[in-house]
Amino acid sequence: MKEFDIEEELKKLPHLPGVYLMHSDSEEILYVGKAVDLHSRVRQYFRKGHGHNDSPKIMKMVSQISYFEYIITGSEMEALVLECNLIKEYRPRYNTLMTDDKGYPYIRVTVDEEYPRILFSHQMRRDRSKYFGPYTDGKAVHDIILLVQKLFRLRTCNRNLPRDIGKERPCLYYQIGQCSGPCSEGLVSAEEYREQIRQAIAFLKGDTKELLAELKQKMKNYAAEMEFEKAAEVRDLMESINHIMDKQRMNDTNSDNRDIVAFARGETDTVITVFFVRDGQLIGRENHHMSAEAEEPDEEVLLAFLKQYYSSTPYIPKEILTRIPVPEPEILLSYLSDKKEQKVSLLQPKRGDKAGLLSLAEDNARLVLEQDMERIKKKEKRTIGAVREIAEILQIPTAARMEAFDISNISGYHSVASMVVFENGEPRRNAYRKFRLRTVEGPDDYASMKEVLSRRYTNEKLGPLPDVLMMDGGKGQVHVAEMVLDSLGIDLPVCGMVKDDHHRTRGLYYRDQEVLFPKGSEAMHMITALQDETHRFAITYHQLLRSKGQVHSILDDIEGIGPKRRRALMLHFQTIEAVKAASVEELLTLPEMNQASAESVYRFFHETAEGTDPSDPGEQYVQPDGDDPYTEPNETYKYAGPGDTNSYVEPDETDSYAEPDEKEND
């Protein structure tokens, strides 16, 4: 990149709305912002004494800015939409970010069908169906769908009606009285079935008082008749109704849908609570975490949350209640109204039931923040603390970004490689990369690693240089990496992740000696997790290519050898060379082999057919059509699921290292 003169570029900024991106010298995007006037807004960052950059956070960011770029938009609203999308894609470190996200289950009624169904949906689409939600408990949603289907005798099948009416006998649900049988002629008319759907929709809208009274009486009748199992079933159905409706009704008669947004703040952590009110009922709540510095004003934190939250959720309510007003309310409301295709209001109630709900949401946010402080401290010890410990052990300035590589060569198949990235002790899944080896024939790990490292560190698109390079291996792998880096003029600490005789990580090979960790230390846990994730990622990619038929074993070409016998041969002989050297008698020692298959294997390797080379090592790689161009991946994130709606859920170990989108890279 050519030399960037900030002062000269500031003069060129237009007096137009748009989005600006601040970059570091390593091309990392530090901050994304929008402006009504790019010229005035961006210049503020570089003017001493200006109120805009008085905060330590902004001052620190400005000190790291190497260059900036901007995108002109047609209006401030377009700039707002683009800003939200760019923040979501790049997640810049100096933007106030949502650190968790959740998907909301919906109940979908396919009213566009002649015989509608009631279904579970993970999202609300712009189709002709009618949606209820979002809800916060997926299990309760499944329960209520089953309840509605049972109570109103609605079909649960996927038959195409009326096309398939009369083609099959009614199913078991009709026989036990839980379906009115629209799939058979003469059992229920389309009009009668529509009435059942109408009643179900009324129930889903909240008309549950009469139904609950009916179920209560039914439960008593079953109990009086000593049918306790049926009474318990009715009791459970009543509990599901009460659960999904949350037993909380607003006392006013205004049934408009609204969200109540409140927050509590700590030194560096902010919890934002959203209460969902649908058709006059408080149906659930969710808590979200944001990273925000203490000096950031409350209204700026709230605005950042509202923009990110409502740009990614499919449902926008008619009203949003907050304790404090936000800056730029007109442009935000214009954006939300356009997205909803209906006017959206942003209100700050001072008294009454709405203010009471705000207070309740604030109490909830404070409680969650208090409960989560211990979790936050434990997480920092496990991640940031481990990173610091690794840097201290290796005596390097920082280990904030670690890259680890592994080669996978399984059962005579061609090698593939993986690159895993940990930043600040956590997996950066959108930075993972996969490589297919191009220049190496056979299971040569050293040559494979040389190719992969050369491709990685000559391609700037694959991210900034790490603080330390971790190799899945010992002295040999480390020396290969050091040789490649020296040839490229790159100075990086290189470590080998060493395992003990039980295949457990025991330490690092660094500067020609083995560095051991204190037993049970966070640093050891971190390196173990990094090594396991690197190996898992390579193996998963190899298995993916095999499932797609894009890698191929020479054993597949032998008549009579299928997947089961191929696997048995490789497990027993370990290498293709060993299979090739085996006699018929040795091949017959495998239970999976018979005389014909053993002789077929022996002939294949010992009788040279026309056009074949008996010295071929046995691995064959089928290159897909065309080259494999580098594809810049989209951001992918893993968040806690919707099961726990009262507090942020820390992902478990398997969630933390989830498989990212499949991407292949040069």
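The rules we used
- Counting restarts for each chain: residues are numbered from 1 in the order of the written sequence.
- In view of the model being predicted, local features appear only for residues whose pLDDT reaches at least 70, and side-chain atom pairs are presented and counted only at 80 or more, with totals across whole chains, interfaces and linings using the full set of residues.
- Excluded from the side-chain calculations are hydrogens and water; all other atoms, namely the structure's heavy atoms, are used.
- Each helix is a run of H or I in the DSSP string that is no shorter than four residues. Each strand is a run of E no shorter than two, and both are numbered from the N terminus.
- For every residue, the accessible area (1.4 Å probe, protein chains only) is compared with the maximum for its type, and the residue is labelled buried under 20%, exposed over 50%, or partly exposed between those bounds.
- Between two residues, a contact is recorded if the distance between any of their heavy atoms is within 4.5 Å.
- Values of accessible area rely on a 1.4 Å probe in the Shrake-Rupley scheme; residue burial ignores everything except the protein chains shown.
- Patch building starts from residues that exceed 30% relative accessible area and form no salt bridge, then joins like charges within 9 Å and nonpolar side chains (Val, Leu, Ile, Met, Phe, Trp, Tyr) within 5 Å.
- Here, a salt bridge means any side-chain nitrogen of Lys or Arg that lies within 4 Å of a carboxyl oxygen of Asp or Glu.
- Positive residues here are Lys and Arg, negative ones are Asp and Glu, while His and the chain termini are left out of the count.
- For charged residues, the charge sits on one atom: NZ in Lys, CZ in Arg, CG in Asp, CD in Glu.
- A helix's residues, less one, multiplied by 1.5 Å, set its expected span.
- Look down the strands so they point away from you; if going from the first strand over the helix to the second traces a clockwise path, that crossover is right-handed.
- Strand pairing is assigned whenever DSSP identifies at least 2 bridges connecting the two strands.
- To qualify as a nonpolar core, a set must consist of buried Ala, Val, Leu, Ile, Met, Phe, Trp, Tyr and Cys residues joined through side-chain atoms within 4.5 Å.
- Aromatic pairs are defined between Phe, Tyr and Trp rings, using the six-membered ring for Trp, whenever the two ring centres lie within 6.5 Å; interplanar angles under 30 degrees are classed as stacked, those over 60 as edge-to-face, and all others as tilted.
- With axes taken as lines fitted to C-alpha atoms, and helix axes fitted only over the stretch in contact, angles between N-to-C directions fall between 0 and 180 degrees.
- Cysteine sulfurs are considered disulfide-paired once they come within 2.5 Å of each other.

1. Describing the overall build of the chain
Looking only at helices and strands, the chain features 21 helices and 22 strands. For the chain, buried positions account for 48% of its 666 residues. Put simply, of all contacts in the chain between residues at least 6 apart along the chain, 65% involve residues at least 24 apart. A total accessible area of about 33,400 Å² is found for the chain, and carbon and sulfur atoms account for 48% of it.

2. Section: a negative patch on the surface
A cluster of like negative charges, contributed by Glu-482, Asp-486, Asp-491 and Asp-512, occupies part of the molecular surface. Counting through the fold element by element, Glu-482 comes out in helix α15 (residues 475-488).

3. With respect to helix α10 (residues 298-312)
For α10, with 15 residues, the first-to-last C-alpha span of 22 Å sits near the 21 Å given by 1.5 Å per residue. Counting buried positions along α10 yields eleven of 15 residues, so the element is predominantly enclosed. Val-301, Leu-302, Leu-303, Ala-304, Phe-305, Leu-306, Lys-307, Gln-308, Tyr-309, Tyr-310 and Ser-311 are the residues of α10 that are buried.

4. As for the pairing of strand β11 (residues 319-322)
Neither face of β11 is left uncovered, since the one carrying Glu-319 and Leu-321 and the one carrying Ile-320 and Thr-322 both have all their residues buried. Chirality of the crossover, the property in question, places the unit of β11, helix α11 (residues 329-340) and strand β12 (residues 345-347) among those that are right-handed.

5. Some thoughts on the pairing of strand β18 (residues 494-499)
Most of β18 sits inside the fold, with five of its six residues counted as buried. Bridge analysis of strand β17 (residues 468-471) against β18 gives three bridges, and the strand direction is parallel. Within the sheet, the bridge partner assigned to Met-471 lies in β18 and is Gly-496. A crossover links β17 with its parallel partner β18, the connecting element being α15, and its sense is right-handed. Bridge count for β18 against strand β19 (residues 505-510) is four bridges, and the pairing is antiparallel. What sits directly across from Gly-496, in β19, is Tyr-509. Counted along the chain from β18 to the antiparallel partner β19, the turn is five residues long, and its residue His-503 has a positive phi close to 65 degrees.

6. Describing the nonpolar core
By size, the foremost hydrophobic cluster in this structure holds 32 residues, and its most contacted members are Ile-107, Ile-118, Val-148, Leu-154, Phe-203 and Leu-204. Of all the secondary-structure elements, those providing two or more residues to this core are β5 (106-109), α5 (138-151), α7 (190-204), α8 (209-224) and α9 (228-245). The dominant element in this core, judged by the number of residues it contributes, is α7, at seven residues. Ignoring sequence-local partners within four residues, the contact set of Val-148 consists of Ile-118, Arg-153, Leu-154, Ala-200, Phe-203 and Leu-204. Counting residues in each nonpolar core, the second largest holds 28 residues, with Phe-263, Ala-292, Tyr-309 and Ile-320 among its members.

7. Notes on the environment of Leu-590
With respect to the helices and strands, the residue Leu-590 is situated in the loop between α19 (584-587) and α20 (595-606). Separated by 18 residues in the primary sequence, Leu-590 and His-572 place their C-alpha atoms 8.1 Å from one another. Non-local contacts of Leu-590, meaning those with residues more than four positions away in its chain, are made with Ala-568, Leu-569, His-572 and Phe-573.

8. A few points about the environment of Ser-448
For Ser-448, the position within the fold is in helix α14 (residues 445-456). Once the C-alpha coordinates of Ser-448 and Ala-417 are considered, the two residues, 31 residues apart in sequence, prove to be 8.0 Å apart.

9. Looking at the pattern of salt bridges
One pass over the full model with this rule turns up 28 salt bridges. For Glu-423, the salt bridge is made with Arg-428, and the minimal N-O distance between the two is 2.8 Å. Connected via shared salt-bridge partners are Arg-401, Glu-403, Glu-423, Arg-428 and Arg-456.

10. Overview of the packing of aromatic side chains
When we look at a pair of aromatic rings, we describe it by the centre distance and by the angle of the planes. Scanning the model with the defined rule gives eleven aromatic pairs in all. Ring centres of Tyr-115 and Tyr-193 lie 5.6 Å apart, and the angle between their planes is 55 degrees; on these two criteria the pair is classed as tilted. You can see Tyr-115 sitting in the loop between β5 and β6 (118-121) and its partner Tyr-193 sitting in helix α7, a full 78 residues away along the chain.

11. Structural notes on the sheet that holds strand β2 (residues 29-35)
Within the open sheet, the three strands sit side by side as β2-β1-β3. Their pairing is antiparallel. Two strands in the sheet have a free side with no partner beyond their single neighbour: β2 and β3 (67-72). Taking the axes of each pair of neighbouring strands and ignoring which way they run, one obtains an average angle of 20 degrees across the sheet. Of the pairings in the sheet, the one linking strand β1 (residues 18-23) to β2 comprises six bridges and is antiparallel in character. Its bridge partner lying in β2, Leu-21 is registered against Val-32.

12. With respect to α14
An ideal rise of 1.5 Å per residue puts 16 Å on twelve residues; α14 measures up with 16 Å between its terminal C-alpha atoms. Looking at α14, one finds that the buried residues are Ser-448, Met-449, Glu-451, Val-452, Leu-453, Arg-455 and Arg-456. Packing partners of the buried residues in α14 comprise β13 (401-408), β14 (416-423), β16 (433-436), β17 and α15.

13. Focus on the state of the cysteines
Here the structure, examined in full by the defined rule, presents zero disulfides. Considering cysteine sulfurs only, Cys-171 is the nearest to Cys-179, which forms no disulfide, with 5.5 Å between them. A relative accessible area of 5% means that Cys-179 is categorised as buried.

14. Points about the sheet that holds strand β7 (residues 130-132)
For sheets, the rule is that strands pair by backbone hydrogen bonds, running either parallel or antiparallel. Read from one edge to the other, the open sheet built from three strands follows the order β6-β5-β7, with strand pairing classed as antiparallel. The sheet is open, and its two borders are formed by β6 and β7, each paired with just one other strand. The average angle at which neighbouring strand axes cross in this sheet is 30 degrees, direction not considered. Sheet topology places β5 next to β7; three bridges connect them, and they run antiparallel. Across the sheet, Ile-107 pairs through a bridge with Phe-132, a residue of β7. Relative to β6, α5 is tilted by about 170 degrees, and along the sheet it contacts β5 and β6.

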